[in-house]
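Each chain is listed here by its residues.
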Amino acid sequence: MDFTSQDIAVIEQALQLAIRSQSSGAKAQPFQEVLGKLQVSANAAMNSASIHKVSMYDGIRFDYDDSSDVL
């Protein structure tokens, strides 16, 4: 399942709201763990996406159209 950055922001906000609404730290702990995992995964995804974008433009590429030679 692919999440957009907007999806991740909504999930983070919901988890933070759930953490603040808990009366005890023990009840908030599972939400904090999930939030931490989500943030690590989101950061890793953003970093790998930016590396992929950079690697796409790491050199000069030419697309020659040789069909003019046929005429």
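Residues numbered from 1 in each chain as written. Predicted model: local features only at pLDDT ≥ 70, side-chain atom pairs only at ≥ 80, totals over all residues. Heavy atoms only, no water.

(A) Structural view of the overall build of the protein chain. Secondary structure summary: the protein chain contains two helices and zero strands in total. The buried share among the 71 residues of the protein chain stands at 11%. Carbon and sulfur atoms make up 58% of the accessible area of the protein chain, which amounts to about 6,300 Å² in all. (Helix = DSSP H or I, 4+ residues; strand = E, 2+ residues; numbered from the N terminus. Buried < 20%, exposed > 50% of the residue type's maximum accessible area, 1.4 Å probe, protein only. Areas by Shrake-Rupley, 256 points an atom, 1.4 Å probe, with all protein chains shown as cover.)

(B) Quick look at the nonpolar core. The biggest cluster of nonpolar side chains holds seven residues, and these are Ile8, Leu15, Ile19, Ala28, Leu35, Leu38 and Ala42. Going through the elements one at a time, helix H1 (5-21) and helix H2 (25-56) are the ones with two or more residues in this core. Top element by residues in this core is H2. It accounts for four residues. With sequence-adjacent residues up to four places away left out, Leu15 is seen in contact with Phe31, Val34, Leu35 and Leu38. (Core = buried A, V, L, I, M, F, W, Y, C linked by side-chain atoms within 4.5 Å. Contact = heavy atoms within 4.5 Å.)

(C) View of H1. Between its first and last C-alpha atoms H1 spans 24 Å; for 17 residues at 1.5 Å apiece the expected length is 24 Å, and the two agree. Those residues of H1 not exposed but buried are Ile8, Leu15, Ala18 and Ile19. Buried residues of H1, viewed axially, fall in a sector of 100 degrees; they line one side. Opposite the packed face of H1, turned more than 90 degrees from it, sit the exposed residues Gln6, Val10, Gln13, Leu17, Arg20 and Ser21. (Expected span 1.5 Å × (residues − 1). Arc of directions from axis to C-beta.)

(D) Region of interest: the environment of Gln16. For Gln16, the location among the structural elements is in helix H1. For the pair Gln16 and Phe31, spaced 15 residues apart in sequence, the C-alpha separation works out to 7.8 Å. With sequence-adjacent residues up to four places away left out, Gln16 is seen in contact with Leu35 and Gln39.

(E) Just the environment of Gln22, in detail. Mapped onto the elements of the fold, Gln22 is located in the loop between H1 and H2. If we ignore the near neighbours within four places in the chain, the residues touching Gln22 are Lys27, Ala28 and Phe31.

(F) Fine view of the environment of Met46. In this fold, Met46 is placed in helix H2. Taking the relative accessible area as the measure of exposure, Met46 reaches 55% and is therefore exposed. Separated by 41 residues in sequence, Met46 and Ser5 place their C-alpha atoms 9.1 Å apart.

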